[in-house]
Amino acid sequence: ARTIERWKQRLPNYSIFFHDDEAVARLTGQEWSEFPNLHRALKCVLLKGAMLSDVWRMLLLFKYGGVYTDVDNWPLDGFDEKTIRHDLSFSVWEEGKYG
């Protein structure tokens with residue numbers, strides 16, 4: 001609960017959503033005209049849990065945008081709405097630096 005409150009404090013103008021396995025299945029099960037071979041490729045995924053989650057994260061950000069983090073990540077003092085670069089399609093914030 002402390003971590004969630006910290007994210008709300010650091011990003012007050014953002015909404016926080018939690019996703020479960022059903023949400024992953026719904027999103028990856030949709031038709032994606034942008035990725036016509038997605039479902040065929042997902043049949044070849046060897047490690048369904050980890051690899052499927054990786055694909056799901058990319059689809060989630062592609063469709064909705066925003067910030068993705070695992071629930072156990074703690075946003076540092078230097079991270080807030082002003083540090084999120086909207087001119088990038090992907091960025092990593094670690095120890096006060098973009099990567």
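One can find the structure itself at the top, above this paragraph.
Residues numbered from 1 in each chain as written. Predicted model: local features only at pLDDT ≥ 70, side-chain atom pairs only at ≥ 80, totals over all residues. Heavy atoms only, no water.

1. Section: the packing of helix H2 (residues 21–29) against helix H4 (residues 48–64)
(1) Moving on: Where H2 contacts H4, the two axes come as close as 10 Å, and the packing angle between them is 70°. Judged on the interaxial angle alone, H4 and H2 are roughly perpendicular. When you trace H2 past H4, the crossing you get is left-handed. Every residue of H4 that contacts H2 at Ala 23, Val 24, Leu 27 and Thr 28 is listed here: Leu 52, Trp 56, Leu 59, Leu 60, Lys 63 and Tyr 64.
(2) Moving on: Split into classes, the residues belonging to the contact of H2 with H4 amount to eight nonpolar, one polar and one charged. (Axes fitted to C-alpha atoms, helices over the stretch in contact; angles between N-to-C directions. Helix = DSSP H or I, 4+ residues; strand = E, 2+ residues; numbered from the N terminus. Parallel < 35°, antiparallel > 145°, perpendicular 65-115°, else oblique. Left-handed = near helix turned anticlockwise from the far one by under 90°. Contact = heavy atoms within 4.5 Å. Nonpolar A, V, L, I, M, F, W, Y, C, P; charged D, E, K, R; others polar.)

2. Quick look at a nonpolar patch on the surface
(1) Moving on: Nonpolar side chains collect at one region of the surface, where Ile 16, Phe 18 and Val 71 lie side by side and expose about 300 Å² of accessible area between them.
(2) Moving on: Tracing the backbone through its elements, the reader meets Ile 16 in the loop between helix H1 (2–10) and H2. (Patch = residues over 30% accessible without salt bridge, like charges linked within 9 Å, V, L, I, M, F, W, Y side chains within 5 Å. Areas by Shrake-Rupley, 256 points an atom, 1.4 Å probe, with all protein chains shown as cover. Salt bridge = Lys/Arg side-chain N within 4 Å of Asp/Glu carboxyl O.)

3. A look at the environment of Val 24
(1) Moving on: Position of Val 24 among the secondary structure elements: in helix H2.
(2) Moving on: Classification of Val 24 as buried rests on a relative accessible area of 12%.
(3) Moving on: If we skip the residues at most four places from it in the chain, Val 24 touches Leu 52 and Trp 56. (Buried < 20%, exposed > 50% of the residue type's maximum accessible area, 1.4 Å probe, protein only.)

4. Considering the packing of aromatic side chains
(1) Moving on: Across all of its chains, the model carries five aromatic pairs by this definition.
(2) Moving on: Measuring from ring centre to ring centre gives 5.7 Å for Trp 7 and Phe 79, while their planes differ by 80°; the resulting arrangement is edge-to-face. Linking Trp 7 in helix H1 with Phe 79 in the loop between H4 and strand S1 (93–94), this pair joins segments that are 72 residues apart in sequence. Comparing Trp 7 with Phe 79 shows no difference in burial state: the two are buried.
(3) Moving on: Members of the aromatic cluster, joined through ring pairs, are Trp 32, Phe 35 and Phe 62. (Phe/Tyr/Trp six-rings, centres within 6.5 Å; stacked < 30°, edge-to-face > 60°.)

5. Structural notes on the nonpolar core
(1) Moving on: Membership of the largest hydrophobic core is limited to nine residues, which are Val 24, Leu 27, Trp 32, Leu 38, Leu 42, Val 45, Trp 56, Leu 59 and Leu 60.
(2) Moving on: Mapped onto this core, the elements with two or more residues apiece are H2, helix H3 (38–42) and H4.
(3) Moving on: Here this core takes three residues from H4, the largest share from any one element.
(4) Moving on: Residue contacts for Val 45: discarding those within four places in its chain leaves Met 51 and Leu 52. (Core = buried A, V, L, I, M, F, W, Y, C linked by side-chain atoms within 4.5 Å.)

Purely spatial values, then, with no claim about function.
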